[in-house]
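# An overview of the molecular structure
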Amino acid sequence: MYSEFRKFDTIPGFNYINASEGDADDIVELKYFTDKLFIFKSNSLHVWNVKHIEATNWFPEQTIRKTGGVSHPCSVVSTSYGIVWANLHGCWYHDGRKVVNLIEGKLRDTEADYHNSSSSWATFVKAHDENVKPMLMFSPKEKQLYVFRDPTGTSSGNTNRCYIYNFISQSWVYNDSIFTNERSYTNPVLDWNNNIVLAHTETIANGFTLGSNFPDDTDFIDITDVNRDNVDLDT
C-alpha cells in the first residue's frame with residue numbers, strides 16, 4: 001500500500017499494487033533507488049518503475065527469481081551505488097540497470113573453510129542454526145560494504161565472521177575481530193560523521209526487547225573506527 005501524493009499519513013485502502021500474483025510469498029523488505037521500488041520477498045525480487053507521480057503509470061520492470069530473495073530485512077542495504085542484498089547464492093548488487101554478483105570470481109561459492117581462516121560463501125552465510133540471515137552495512141566514508149554473518153548471536157556458531165567489500169578496489173577481505181562471537185547486535189545507524197554505530201549485549205542473550213531501554217551490559221561500538229590489523233586478504 002502507498003500514501004497519497006505529499007500526504008504521507010494518508011493511505012486509502014484502494015492505494016495498493018500487486019507486486020506479483022500467485023506466489024504466496026510474503027514481502028520481507030522494501031527499498032528505493034533511482035525511481036525504482038525494490039520489493040524483496042523470501043524467494044524473489046520485484047523491481048517496479050515508480051518514476052511517475054500517478055500510480056497508474058507505475059509498472060513492473062524486472063523480476064528476479066531465487067537469487068533475488070532474502071529471509072531477513074537486515075540482509076538488504078541501500079548504498080551510494082545501488083541496492084545490495086545477500087543470500088545463500090551470493091552477494092548481489094543492483095545499480096538501477098543491471099544485477100552483479102559481487103562474489104563471482106572473487107570468493108569460493110562452496111566447500112568448507114579454507115586458507116586456515118576465511119570461509120567459502122556457502123559456509124560463511126549460513127548460520128549455525130542453518131538460517132541465512134547476514135546483516136549488511138554500508139559505510140559511505142570508506143565506500144565499503146560489511147557483511148556480518150549472524151547478528152542474532154546464535155550460540156556455538158562463529159557469529160563474529162565478517163566479509164568486507166570495497167567498491168573502489170572491487171575486492172573482498174575477511175575479518176573475525178570487528179564483531180564479538182555469540183552476541184546479539186542492534187541494527188546499524190550512521191553517526192554525525194558518517195561512521196557506522198551499533199550496539200550489542202555483553203552476555204549471550206536472545207536479542208534486545210523492542211520498546212525497552214538497553215540493558216546494563218550493552219556495549220556500543222563504532223565499526224569504522226575499529227583496529228583492523230588482523231584483517232585477512234581474500235583477493
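Counting from 1, residues in each chain are numbered in the order their sequence is written. Where totals are concerned, whole chains, interfaces and linings use all residues; where local detail is concerned, this predicted model gives features only for residues with pLDDT of at least 70, and gives and counts side-chain atom pairs only at 80 or more. To get the side-chain values, take all heavy atoms of the structure and skip hydrogens and water.

What follows covers the overall build of the protein chain. Broken down by element type, the protein chain carries one helix and 16 strands. Burial classes: relative accessible area under 20% of the type maximum marks a residue as buried, over 50% as exposed, and values in between as partly exposed (1.4 Å probe, protein chains only). Split into buried and exposed, the 235 residues of the protein chain put 46% on the buried side. Only heavy atoms matter for contacts: two residues are in contact if any of them lie within 4.5 Å across the pair. Excluding contacts between residues fewer than 6 apart, the proportion of contacts in the protein chain whose partners are at least 24 apart in sequence is 42%. For accessible areas, the Shrake-Rupley method is used with a probe of radius 1.4 Å. Any residue's cover is judged against the shown protein chains and nothing else. Within the structure as shown, the protein chain displays about 12600 Å² of accessible surface, and the carbon and sulfur contribution to it stands at 48%. Helix numbers and strand numbers start at the N terminus; a helix is a DSSP run of H or I with at least 4 residues, a strand a run of E with at least 2.

Let us now look at the sheet that holds strand β4 (residues 59-65). Pairing between strands is defined by DSSP: at least two bridges between the two strands are required. Reading across from one edge, β1-β2-β3-β4 is the order of the four strands in this open sheet, with antiparallel pairing throughout. The open sheet is flanked by β1 (27-33) and β4, the only strands paired with a single partner. Averaged over all neighbouring strand pairs, the angle between strand axes comes to 20°, with direction disregarded. When strand β2 (residues 36-41) meets strand β3 (residues 44-49), the two strands line up antiparallel, connected through five bridges. Opposite isoleucine 39, over in β3, you have histidine 46 as the bridge partner. Only the stretch in contact is used when fitting a helix axis, every axis being a line fitted to C-alpha atoms; angles between N-to-C directions are given from 0 to 180 degrees.

Residues belong to one nonpolar core when they are buried, are Ala, Val, Leu, Ile, Met, Phe, Trp, Tyr or Cys, and are joined through side-chain atoms within 4.5 Å. Counting residues in hydrophobic clusters, the biggest one holds 21 residues, and the most contacted among them are Val84, Cys91, Trp121, Leu145, Val147 and Trp172. Elements that contribute at least two residues to this core include exactly β6 (83-87), β7 (90-94), α1 (121-125), β9 (135-139), β10 (144-148), β11 (162-166) and β12 (171-175). Here this core gets three residues from one element, more than from any other, and that element is α1. The next biggest cluster of nonpolar side chains, apart from the first, holds 13 residues, and it includes Met135, Tyr146, Tyr185 and Leu198.

Moving on, we come to the sheet that holds strand β5 (residues 76-78). In space, the four strands of this open sheet follow the order β5-β6-β7-β8, with antiparallel pairing throughout. At either margin of the open sheet sits one strand with a lone partner, and together these are β5 and β8 (99-101). Strand-to-strand, the axes of this sheet are offset by a mean angle of 20°, without reference to chain direction. Of the pairings in the sheet, the one linking β5 to β6 comprises three bridges and is antiparallel in character. Following the sheet pairing, serine 78 is matched in β6 by isoleucine 83.

This next bit is on the packing of aromatic side chains. Side-chain rings of Phe, Tyr and Trp (the six-membered ring for Trp) are treated as a pair once their centres are within 6.5 Å; stacked means planes under 30 degrees apart, edge-to-face means over 60, and tilted covers the remaining angles. Summed over all chains, the structure comprises 16 aromatic pairs. Look at tyrosine 81 and phenylalanine 138: their rings are 6.2 Å apart centre to centre, the planes differ by 90°, and that puts the pair in the edge-to-face class. A residue pair is termed long-range when its members are at least 10 positions apart, and tyrosine 81 in the loop between β5 and β6 and phenylalanine 138 in strand β9 qualify at 57 residues. Judged by relative accessible area, tyrosine 81 falls into the partly exposed class, the value being 26%. Assessed through its relative accessible area of 9%, phenylalanine 138 is described here as buried. Aromatic pair tyrosine 165 and tryptophan 172: ring centres 5.0 Å apart, planes at 55°, arrangement tilted. The pair tyrosine 165 / tryptophan 172 is uniform in exposure class, with both members buried. Among the aromatic residues, ring-to-ring pairing joins Tyr81, Tyr93, Trp121, Phe124, Phe138, Tyr163, Tyr165, Phe167, Trp172 and Tyr174 into one connected group.

Purely spatial values, then, with no claim about function.
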